[in-house]
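# Examination of the molecular architecture
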Amino acid sequence: MNNFTEFFGLPLHPLLVHAVVVLVPLTVIALLLAQFWPRARRRLGGVVPISALGVAALVPVTMAAGKSLADIIGPLPAVLKHERYAQMLLPWSIGLAVVAVIQWIWFRWSKAALHQAERFRTATTAGVLLTVAVVVVSLGNLTVVILTGHSGSRAVWGDLMP
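Figured I'd write up the structure that's included with this text. The structure presented is a predicted model; accordingly, all values stated were derived computationally and were not measured. (Residues numbered from 1 in each chain as written. Predicted model: local features only at pLDDT ≥ 70, side-chain atom pairs only at ≥ 80, totals over all residues. Heavy atoms only, no water.)

Next up on the list: the packing of aromatic side chains. Using the criterion set out here, one finds 0 aromatic pairs in the structure. Its end group placed over the ring of Phe-107, Arg-41 keeps NZ or CZ at 3.6 Å from the ring centre. (Phe/Tyr/Trp six-rings, centres within 6.5 Å; stacked < 30°, edge-to-face > 60°. Lys NZ or Arg CZ within 6 Å of the ring centre and 35° of its normal.)

Below is the structure:
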């Protein structure tokens with residue numbers, strides 16, 4: 001391995017994975033709270049889109065470190081399965097960032113502007129579409145991060161688990 005894929009002699013991938021496994025669910029929870037609880041939305045402010053953008057940046061870095069580790073380990077079936085799930089996480093994490101930014105813009109400016117212009121039908125439709133997008137991207141991210149994490153732990157610990 002090279003200096004970019006290790007940290008004090010340890011592979012960087014397992015260290016980064018823990019950040020992804022923690023940040024994705026926390027960001028999803030914050031996104032859902034911001035969508036359905038106005039008080040939480042006001043308190044969270046710009047934390048949700050910033051966190052989601054951080055996740056979207058962290059996932060490809062984690063994948064690159066994982067690819068370097070996989071090159072050393074070799075094409076084991078469990079590792080290949082883990083890689084396939086990880087590749088599914090990238091578009092979901094980008095979707096999380098896009099939806100989080102749109103949500104922040106919506107509640108910060110757009111919703112009020114449409115109501116002020118008395119475009120209630122447009123505001124209602126956009127609000128429903130945003131809610132659907134928030135729920136879909138939340139469920140997608142949680143599902144894929146669980147599948148990816150589970151397959152990764154199986155790849156590492158599979159022989160030791162019943």
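This paragraph deals with the packing of helix 1 (residues 12-36) against helix 3 (residues 47-73). Helix-helix packing is characterised by the crossing angle of the two axes and by the distance between the axes. Remark: helix 1 packs on helix 3, axes separated minimally by 9 Å, with the N-to-C direction vectors making an angle of 155 degrees. Between helix 1 and helix 3, the angle is such that the two are roughly antiparallel. Between helix 1 and helix 3 the crossing geometry is left-handed. Grouping the constituent residues of the contact of helix 1 with helix 3 by class yields 19 nonpolar, 5 polar and no charged. (Axes fitted to C-alpha atoms, helices over the stretch in contact; angles between N-to-C directions. Helix = DSSP H or I, 4+ residues; strand = E, 2+ residues; numbered from the N terminus. Parallel < 35°, antiparallel > 145°, perpendicular 65-115°, else oblique. Left-handed = near helix turned anticlockwise from the far one by under 90°. Nonpolar A, V, L, I, M, F, W, Y, C, P; charged D, E, K, R; others polar.)

Another aspect to go through is a nonpolar patch on the surface. Taken together, the side chains of Val-22, Leu-23, Leu-26, Ile-29, Leu-33 and Trp-37 define a hydrophobic patch exposed on the protein surface, amounting to about 550 Å² of accessible area. Structurally, the position occupied by Leu-33 is in helix 1. (Patch = residues over 30% accessible without salt bridge, like charges linked within 9 Å, V, L, I, M, F, W, Y side chains within 5 Å. Areas by Shrake-Rupley, 256 points an atom, 1.4 Å probe, with all protein chains shown as cover. Salt bridge = Lys/Arg side-chain N within 4 Å of Asp/Glu carboxyl O.)

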